[in-house]
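# Structure at a glance
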Amino acid sequence: MASPFYHKPPTPPGLWRAARAFRRASTIALVLIVVFVAFVAYSAVQVVKAKPGVGSSSSVLEPNDTVGITTSFSLTNPTYFAIQDFALHFLVLNATGASLVDSSTAPESIPAGGSALFPVALYVPLSASSEDLLTENQYLDWNVWGNASYAYLFSVSIGVDTERAWGAPFDNLTVSVGTPFEEMGVAEIPVTVTFADDASYADVGDLNYQVLSAGDAECGSGGFALDVPSGEAYDQTQDVALATGCNPAGGQVTSEYVENGETVPLPPEPIP
């Protein structure tokens, strides 16, 4: 028998019960979102810590006085989310710190758990800051980084800095003149060209030169037909007719490399 003093608690109104259920669902959703974001953030850190690779590189003289460098960039995405709009940026500096290349690639995506290999072609204009690439072996500083969005939530940047050995096609180039002499009543002067082809390609073309006086008058000119394999040295002398009354002392020897109709100027050599 129920006590006359007991009263059953009133049933909460439906709106209150709905609000309580909504609060509970919101709390659960918030926890799940926090956990998800934390997991994505952790995965993004793993992407940043990934070890990208820069492949081997090769170079070749290109038309329009440029050096073409081909290489590749590889990256593995070990996480559960895709990397979107991954764009590579290259900054290559020579041994003196001068900028040779400042270039970017078109953006691409890397799927979750996948990897990508990006072929890269870079072009270095031969100018005052880069002509030493033709005649000096050196180490180039490669600064490579990629910017991307990760899981549509975070921006990430992945980078690698490395040094790459550069082999010059005319390493230690010297175009020197000897002492003038007479041969059958004709004044001549010996011109000697020496260098080592330390590039990854052969020097197949013509090396033309001009012997100039201190006043830039042409005392003589000539050329050598080259077929120098990669890794080989070159040392040849040629006697050139000397223009009447022209004195090369104090002047210079200018030279240029001609291949397939393209002309690449080489650094001048002073004449003592």
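This text gives an overview of the structure that appears in the document. In this text, all values refer to a predicted model and were calculated from it rather than measured experimentally.

The phi dihedral of D85 falls on the positive side, at around 55 degrees, and the residue is not glycine. In this model, N260 sits at a positive phi of 50 degrees, which is unusual for a non-glycine residue. Along the polypeptide, N260 turns up in the loop between β16 (252-259) and β17 (262-270).

Where strand β4 (residues 83-93) meets strand β5 (residues 99-104), 5 bridges bridge the pair, whose relative direction is antiparallel. Bridge assignment links V92 to a residue of β5, and that residue is V101.

Looking now at the environment of I189. Checked against the element boundaries, I189 lands in strand β12 (residues 186-196). For I189, a relative accessible area of 1% gives the class buried. When the C-alpha positions of I189 and T179 are compared, they lie 6.2 Å apart, and in sequence the two are 10 residues distant. For I189, the residues in contact, after removing those within four places along its chain, are V177, G178, P180, F181, Q238, D239, V240, L242 and P248.

So, about the state of the cysteines. Evaluated as defined, the whole model comprises 1 disulfide. A disulfide bridge connects C219 with C246, and the sulfur atoms are separated by 1.8 Å. Disulfide C219 to C246: torsion about the S-S bond roughly -65 degrees, handedness left-handed. You can see C219 sitting in strand β14 (residues 218-228) and its partner C246 sitting in the loop between β15 (233-241) and β16, a full 27 residues away along the chain. Residue C219 shares its accessibility class with C246, and that shared class is buried.

Quick notes on the rules
- Residues numbered from 1 in each chain as written.
- Predicted model: local features only at pLDDT ≥ 70, side-chain atom pairs only at ≥ 80, totals over all residues.
- Heavy atoms only, no water.
- Helix = DSSP H or I, 4+ residues; strand = E, 2+ residues; numbered from the N terminus.
- Pairing = 2+ DSSP bridges.
- Buried < 20%, exposed > 50% of the residue type's maximum accessible area, 1.4 Å probe, protein only.
- Contact = heavy atoms within 4.5 Å.
- Disulfide = S-S within 2.5 Å.

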